[in-house]
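# Architecture at a glance
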Amino acid sequence: MTLINAPRGTRDILPSESWKWAYIIKTASQTMQDFGFSEIHIPIFEHTELFSRGVGETTDIVEKEMYTFNDRGGRSITLRPEATAGVMRCALENNLCVQGASAKLWSWGPMFRHERPQKGRYRQFYQIDAECLGISNAMADVEVISLSLELFRRLGLRNLEVVINSVGCEKCRPVYRQKLVDYFSAHKDSLCETCLDRLSRNPLRILDCKKEQCGLVADGAPDIFDSLCDECREHFAQVRAGLERLGFSYRLDKRLVRGLDYYTKTAYEILSGDLGAQNAVAGGGRYDNLSSAIGGGKVPGVGFACGVDRIMLVMEEQGCSFGQVPKTRVYCAALDEESRASVQVLTHELRKAGISAECDTSGRGFKAQMKNAGACDFACIIGQSERENNSVAVKDMKAGVQENVPVNEAVNYLRDRL
Ligand code: ATP
Ligand code: MG
C-alpha cells in the first residue's frame, strides 16, 4: 500500500521548528498582555453565512478560497478563513460590547484557504489576531497598528514597511465606487478578465489587481482621498497624526483596498522586504459595519492579523533570535541492567521537584546513555555500588567533575547547581 501523505498546502511542524513557533506565540502573548488585550479562542468552523455575510460575497476569500461542506446534519459549515468575523460573532453572542463597553481581544491558531500553495502561502496557515471592539475613535486604530509593530520589534523583524489607506464608509464609498465604475468603464480594453468581472461586482478590487496591465490603468484611477466624507477625512488625519506622534513612518497607498468587504476607513498592511512575492506579514484595519452585516447592533472595530508562517520565514531569513533552544537539564543513566528501575525512580523524583529530567527507556547501553547526557547540564549515574550505598554519582557535564551524593539529597544538590 502506498503511504498516505498530508494534503497539498498543509505542513507538519516538526520538533526542529516547533520551539521557534512557541517562541513567537509566547512573545505575542506577552505583547498582547502588555497592551491590555485578553486571549480568547473561537471555533475553527462556523456557519458559512458568517463569512459570506461578514467577509463579503464578492471577495476572493468567499468566492474561491473557502473550505465549505455540509455536515452530517446538512448544515453548511466553513473552516474559518480568517478570525475577525468569528471574534465579532463571539463578542456579540457573549455580550462583550453591550452599552458602549469595549473589548480588546487576541487569539491565534490555524486558518484555512483553498489557494495555490507556494512559498509563504499555504492552505492551512496560522495567524495571530488582535481586535479592538466597541471604539470608533482613531486612537484605537493607532493602538492596533502600534501593537502589531511592537510585536514585530520584539521579534527582531527588520526591513518592514507600513502601508496605509482609507477606504471610506457607507456614506462616501458609493460615490467613490461610481467614480471608479465610470473611470474603468472607459478603460475596459486594458483590464484583465477578472477585473472586467469586478467592474460590476466589486470595482474597488480592481485597484489591488496584481496584473501589470490593470496596475497601469489603476494608477490613473480617481483618488479615494478626493471622495472621502468629512468624518472619514478627519478620522484618517487623526490616524496619521497619531502614528507620527509615536514616531512610526508609513507610506500612503491609495490602491490598498484589502480583500475583505468589511473594512471601513483605515486599511493597512505591513510588508517585508525579505519575503518575495508573498510580502505581507500583517494586514488589518477598521470594520465598523461588520457587526451589522452579521446581524448585530452597532459595534465598531479595528484589528489586524499577521501570518505566523511568514513571520517565521522572515525571522529565519534575517537570522533573528528565537531565544534558548529548549533542553532537558538532567539525564539519569544506568550503569547496569539492575539499576534501570532505580534510575526511573530518581528521574521521577527530580521531575516532581520541577527539574527537567530524562532517562533511557529503550534498553540502550551505558555509553549510548551518556552520549545523550552530553546534551544536558548534569548526568545522574546509578550502578551497583550506588545502589548499595543509596547514593548517586552526579556529573557536571560541562566541567567534567563528578561527585557522589546521597540519593535523598540529589534533588536539593541539583537545585542548588542548576
Ligand atoms: P495576501 O495578499 O498574501 O493574499 P491577504 O490579504 O489575503 O494576504 P489577510 O487576509 O490580510 O491576507 O491575512 C493577514 C495575514 O495572514 C497576511 O498578511 C499573511 O501574512 C497571512 N496569510 C494570508 N493568507 C495566507 C496563506 N494562504 N498562507 C500563509 N499566510 C497567509
Ligand atoms: Mg489572500
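Since the structure is predicted, the reported quantities are computational estimates derived from the model, not experimental observations.

A few words on the nonpolar core. If you look at the biggest cluster of nonpolar residues, it comprises 56 residues, and the most contacted ones within it are Leu-133, Phe-184 and Leu-207. Ranked by residues supplied to this core, first place goes to helix H4 (residues 84-93) with five residues. Sequence-distant contacts of Leu-133, defined by excluding residues within four places in its chain, comprise Val-87, Met-88, Ala-91, Cys-97, Ala-101, Ser-102, Ala-103, Leu-105, Tyr-287, Val-299, Pro-300 and Gly-301. Judged by nonpolar contacts, the second largest core, of 44 residues, contains Leu-155, Tyr-250, Tyr-268 and Ala-282.

So, about the pairing of strand S3 (residues 67-70). As defined by bridge partners, S3 adjoins strand S4 (residues 76-79) across four bridges and the pair is classed as antiparallel. Paired with Phe-69 across the two strands is Ile-77, which belongs to S4.

Next up on the list: the pattern of salt bridges. One pass over the structure, following the stated rule, counts 29 salt bridges. The shortest N-O distance in the salt bridge between Glu-150 and Arg-153 comes to 2.9 Å. Highlighted residues: Glu-150 and Arg-153, both in helix H5 (residues 138-155), separated by three residues, approximately one helical turn. Residue classification places Arg-153 among the exposed residues on the basis of a relative accessible area of 54%. It is possible to trace a salt-bridge network through shared partners that takes in Asp-60, Lys-64, Arg-198, Arg-205 and Asp-208.

What follows deals with the domain arrangement of the protein. With domains assigned, the protein is organised as domain 1 (15-172 + 228-318) and domain 2 (330-413). Computed from C-alpha atoms alone, the centre-to-centre distance between domain 1 and domain 2 is 49 Å.

Here we come to helix H15 (residues 410-417). Along an α-helix, a turn takes 3.6 residues, which lines up residues three or four apart on a common side. Along H15, the residues classified as buried are Ala-410, Val-411, Tyr-413 and Leu-414. Around the axis of H15, the buried residues are gathered within 165 degrees of arc, so they sit on the same side. Those residues of H15 that are buried lie in contact with strand S12 (330-334), helix H12 (340-352), strand S14 (378-382), strand S15 (391-396) and strand S16 (402-406).

The strand order across the open sheet formed by eight strands is S1-S5-S6-S11-S10-S9-S7-S8, and the pairing between neighbours is mixed. The outermost strands of the open sheet, each flanked by one partner alone, are strand S1 (38-39) and strand S8 (251-252). Those strands touched by H4 are strand S5 (103-112) and strand S6 (124-133), and its axis lies near 45 degrees from that of S6.

Turning next to the packing of aromatic side chains. Within the structure shown, the criterion is met by seven aromatic pairs. Their ring planes at 80 degrees and their centres at 5.2 Å tell us that Trp-21 and Tyr-126 sit as a pair that is edge-to-face. Of this pair, Trp-21 sits in helix H1 (residues 15-34) while Tyr-126 sits in strand S6, placing them 105 residues apart in sequence. For Tyr-126, a relative accessible area of 16% gives the class buried. Pairwise contacts between aromatic rings join Trp-19, Tyr-23 and Phe-322 into one cluster. The ring of Tyr-122 has Arg-11 sitting right over it, with the charged end atom 4.1 Å from the ring centre. The positively charged end of Arg-417 is found above the aromatic ring belonging to Tyr-413, 3.8 Å away from the centroid.

The full set close to ligand 1 counts 15 residues, and Arg-113, Glu-115, Arg-258, Ala-280 and Arg-310 are the nearest of them. For ligand 1, an oxygen atom lies 3.0 Å from a polar atom in the side chain of Gln-127. Gly-307 places a main-chain nitrogen or oxygen 3.3 Å from an oxygen atom of ligand 1. Residue assignment for the shell around ligand 1 shows that the elements contributing at least two residues are S6, strand S10 (280-286) and strand S11 (301-307). Looking at the shell around ligand 1 element by element, the count peaks at four residues for S10. Residues belonging to the shell around ligand 1 are distributed by class as follows: six nonpolar, four polar and five charged.

In protein structure, a disulfide is the covalent linkage between the sulfur atoms of two cysteines. Here the structure, examined in full by the defined rule, presents zero disulfides. Residue Cys-192 stays outside any disulfide, its sulfur separated by 3.6 Å from that of Cys-214, the closest cysteine. There is no disulfide at Cys-232, and the cysteine sulfur nearest it, in Cys-169, is 3.5 Å away.

Moving on: the environment of Cys-320. With respect to the element layout, Cys-320 can be found in the loop between helix H11 (308-317) and S12. For Cys-320, a relative accessible area of 11% corresponds to the buried category. Along the primary structure Cys-320 and Cys-192 are separated by 128 residues, whereas in three dimensions their C-alpha atoms are 40 Å apart. For Cys-320, the contacting residues outside a window of four places in its chain are Leu-155, Gly-156, Leu-157 and Met-315.

Turning next to the packing of H1 against H11. Contact geometry for H1 and H11: axes closest at 11 Å, N-to-C directions at 110 degrees. The angle between the axes of H1 and H11 places the two elements in the roughly perpendicular class. Contact with H1, carried on its side by Glu-17, Lys-20, Trp-21, Tyr-23 and Ile-24, involves Val-308, Asp-309, Ile-311, Met-312, Met-315 and Glu-316 of H11 and no other residues of that element. Here the residues of the contact of H1 with H11 are counted per class, giving seven nonpolar, no polar and four charged.

Basis of the calculations
Residues numbered from 1 in each chain as written. Chains lettered and ligands numbered in written order. Predicted model: local features only at pLDDT ≥ 70, side-chain atom pairs only at ≥ 80, totals over all residues. Heavy atoms only, no water. Core = buried A, V, L, I, M, F, W, Y, C linked by side-chain atoms within 4.5 Å. Buried < 20%, exposed > 50% of the residue type's maximum accessible area, 1.4 Å probe, protein only. Helix = DSSP H or I, 4+ residues; strand = E, 2+ residues; numbered from the N terminus. Contact = heavy atoms within 4.5 Å. Pairing = 2+ DSSP bridges. Salt bridge = Lys/Arg side-chain N within 4 Å of Asp/Glu carboxyl O. Domains from an automatic or database assignment. Arc of directions from axis to C-beta. Axes fitted to C-alpha atoms, helices over the stretch in contact; angles between N-to-C directions. Phe/Tyr/Trp six-rings, centres within 6.5 Å; stacked < 30°, edge-to-face > 60°. Lys NZ or Arg CZ within 6 Å of the ring centre and 35° of its normal. Near = heavy atom within 4 Å. Polar contact = N/O pair within 3.5 Å; in protein donor to acceptor, adjacent residues only side chain to side chain. Nonpolar A, V, L, I, M, F, W, Y, C, P; charged D, E, K, R; others polar. Disulfide = S-S within 2.5 Å. Parallel < 35°, antiparallel > 145°, perpendicular 65-115°, else oblique.

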